[in-house]
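# Examination of the molecular architecture
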Amino acid sequence: MKHIGYKLFTALALGGLLLSACKKQLEIEPRQSIESAGALDTKDEINASITGMYANLKGARLWGRDLITHPEALADNGYATNKSGRLLPESNNVFGSHFTGTIWINSYFAINQINLTLEAIPNLQVVPAVTPAEKALWEGQLYFLRAMYYFDLARVYAYIPGAVIASQDRGGVPIVLKGIANKDSARKFLPSRAPIADVYNLIIEDLKKAETALLNNSIEKSLATKAAAQAMLARVYLYNKDYTNAKTWADACITLIGGTARLTDQSDYISNWRSADNKETIFHVRYASPAETIGVNESLQTSFTTLTAPGLVAVTGGFGDLVPTISLLNDLGITLTGGNGNANFTGANASVASRSNDVRNLLYEPGTIGRGKSFVECTKFMGKNGAINLDNTPVIRASEMYLIRAEIQATTGSAVYNVANALADLKAIKSRRYVGYTGSAQETADNALTPSALYEEIIRQRRLEFAFEGHRFFDFKRLGRDIPKSAPSTATLLFTDARFLAPILQADVDGNPNLRQNFGY
């Protein structure tokens, strides 16, 4: 009985090798069978396999919902309204309420399929023969995707380099680089958790391979490109506290995408969020047709708003399960009628009395009363692909490159420490987000910031820029900071708390004597 749990994991997570490109992508699920003979021996089957690994990202437990909603709920950006009961345990940081084990299953399923596909490519015997360009494009996408899956696993289930509670550290996640193609191999496969550093080294190695192999295609945003690999390298090196390399890759990406011309400003910031193709996006998870909608229960639209269209309060669509907290409203410059006090926030229907000159706050507006009291809701995901509950999910945007570069150059002790350059990058963002910023008292105040205050303002701008995009919890985690839960909650989640790490799927821990559960679970 000992290996039943782990055998179930391998059957679910490492199976499903015969992916069909013609299936609706959201219906692609891990399968029970893991026999792979003849599964990847044509060009069409290689392409179908790669398509399946992009499609796997779309599930609600990955980039379709949880990797966006949970970092907002677990941190201080999201208040759970309890209109459906969803996201309430995460918002309250109830013990055991974190990312579910499904992200573990789906990610290792994808990693195994990627490994099998990488192994199959050199052995293809087809006419016409595989060209070097075809091989490079296939491998570049696969290395990019493997890095992306491992990065998400690492930041969910392990500590982040430089922010580790040594007495509670159980390591990174298992590294699997060889495909498992049959049941016998799966039964014998009992991996342990690799050191955190080894996992990050693998992610970086894969992204570098991808960056070398991929083409620069500024139009394509739903497939891996050279710019996407460079942007992810900048992000991973930021997490890895390697600021020299983070700057190198942020610089490279900014140059490749055309610099500040790729940034939106006050005139087109809102319209780009209302479009399926935001010009700032470097890589997104794409939903191509209404058949792919996650639905009224768990899509990003229904999770964040009751609205079906901006300002249309007469029609109730979603649940608005997670709304901006008081502290986020304060930072966004939104003042409620009656003030931003607890009683007004949780009592009266939401009404906005005033807004600051931050154009970003225009993506937050009162929802409907169709499911109870209205709140100010986030409308970044508003059916911009032509149907409600259907939005491309941004994974990485151009503004992040500037804020990464600003942060690492404002970090005391950084090898690339340069306060003047950090301020310039901060102002590159703020001048495009605050109406009338240039030459204003705001700019004058920013010019006078002390180095420590400048750093905190950069972190605050990350909060505002990426609110409801899945960054906030991971920013606290990588910085090793306690999370001050926003009012009406009075709790603080200490960084030493076990709840900073998600529990590993218990069935796998029970079935594998080499796999250690996270501290506290």
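Structure: above.
Residues numbered from 1 in each chain as written. Predicted model: local features only at pLDDT ≥ 70, side-chain atom pairs only at ≥ 80, totals over all residues. Heavy atoms only, no water.

### Here's the deal with the side chain of Glu407
When you line up the elements, Glu407 lands in helix α15 (residues 398-410). Taking the relative accessible area as the measure of exposure, Glu407 reaches 1% and is therefore buried. Side-chain polar atoms of Glu407 contact the side chain of Arg478, separated by 2.7 Å. Filtering out sequence-adjacent residues up to four positions away, Glu407 remains in contact with Leu238, Tyr455, Ile458, Ile459, Arg462, Arg478 and Leu479. (Helix = DSSP H or I, 4+ residues; strand = E, 2+ residues; numbered from the N terminus. Buried < 20%, exposed > 50% of the residue type's maximum accessible area, 1.4 Å probe, protein only. Polar contact = N/O pair within 3.5 Å; in protein donor to acceptor, adjacent residues only side chain to side chain. Contact = heavy atoms within 4.5 Å.)

### A few points about the nonpolar core
Membership of the largest hydrophobic core comes to 135 residues, with the highest contact counts inside it found for Trp63, Phe144, Tyr150, Tyr157, Ile282, Tyr364 and Met401. The element contributing the most residues to this core is helix α6 (residues 132-157), with 14 residues. Ranked by size, the runner-up nonpolar core spans 9 residues in total, among them Leu423, Leu454, Tyr455 and Ile459. (Core = buried A, V, L, I, M, F, W, Y, C linked by side-chain atoms within 4.5 Å.)

### Examining the environment of Ala163
The topology assignment puts Ala163 in the loop between α6 and α7 (183-188). Each C-alpha atom of the pair Ala163 and Arg481 lies 8.7 Å from the other, and the pair is 318 residues apart in sequence. Non-local contacts of Ala163, meaning those with residues more than four positions away in its chain, are made with Lys477, Arg478, Leu479, Gly480 and Phe495.

### Points about unusual backbone geometry
Of note, the bond from Val127 into Pro128 is cis; its omega dihedral lies within 30 degrees of zero at 0°. Of note, Pro128 is situated in the loop between α5 (102-120) and α6. Even without being a glycine, Asn82 presents a positive backbone phi close to 65°. Position of Asn82 among the secondary structure elements: in the loop between β1 (78-80) and α4 (88-91). If you check the backbone angles, Leu87 has positive phi at about 70° while not being a glycine. As for its placement among the helices and strands, Leu87 is situated in the loop between β1 and α4. According to the relative accessible area criterion, Leu87 is buried, its value standing at 3%.

### Remarks on the packing of helix α10 (residues 243-257) against α15
The description of two packed helices rests on the angle between their axes and on the distance between the axes. Remark: α10 packs on α15, axes separated minimally by 9 Å, with the N-to-C direction vectors making an angle of 150°. Considering their axes alone, α10 and α15 lie roughly antiparallel with respect to each other. Like other packed secondary-structure pairs, α10 and α15 cross with a definite hand, here left-handed. Each of Tyr243, Ala246, Lys247, Ala250, Asp251, Cys253, Ile254 and Ile257 in α10 lies in contact with α15, whose residues at this interface are Ala398, Met401, Tyr402, Arg405, Ile408 and Gln409. (Axes fitted to C-alpha atoms, helices over the stretch in contact; angles between N-to-C directions. Parallel < 35°, antiparallel > 145°, perpendicular 65-115°, else oblique. Left-handed = near helix turned anticlockwise from the far one by under 90°.)

### Thoughts on the pairing of strand β8 (residues 393-397)
The element β8 is extensively covered by neighbouring structure, given that 5 of its 5 residues are classed as buried. Bridge count for strand β2 (residues 281-285) against β8 is 4 bridges, and the pairing is antiparallel. Looking at β8, one finds that His284 is bridged to Pro394. (Pairing = 2+ DSSP bridges.)

### A short note on helix α19 (residues 472-479)
Within α19, 7 of the 8 residues are buried, which leaves the element mostly enclosed by the surrounding structure. Within two residues after α19, Gly480 carries a phi angle of roughly 65°, on the positive side.

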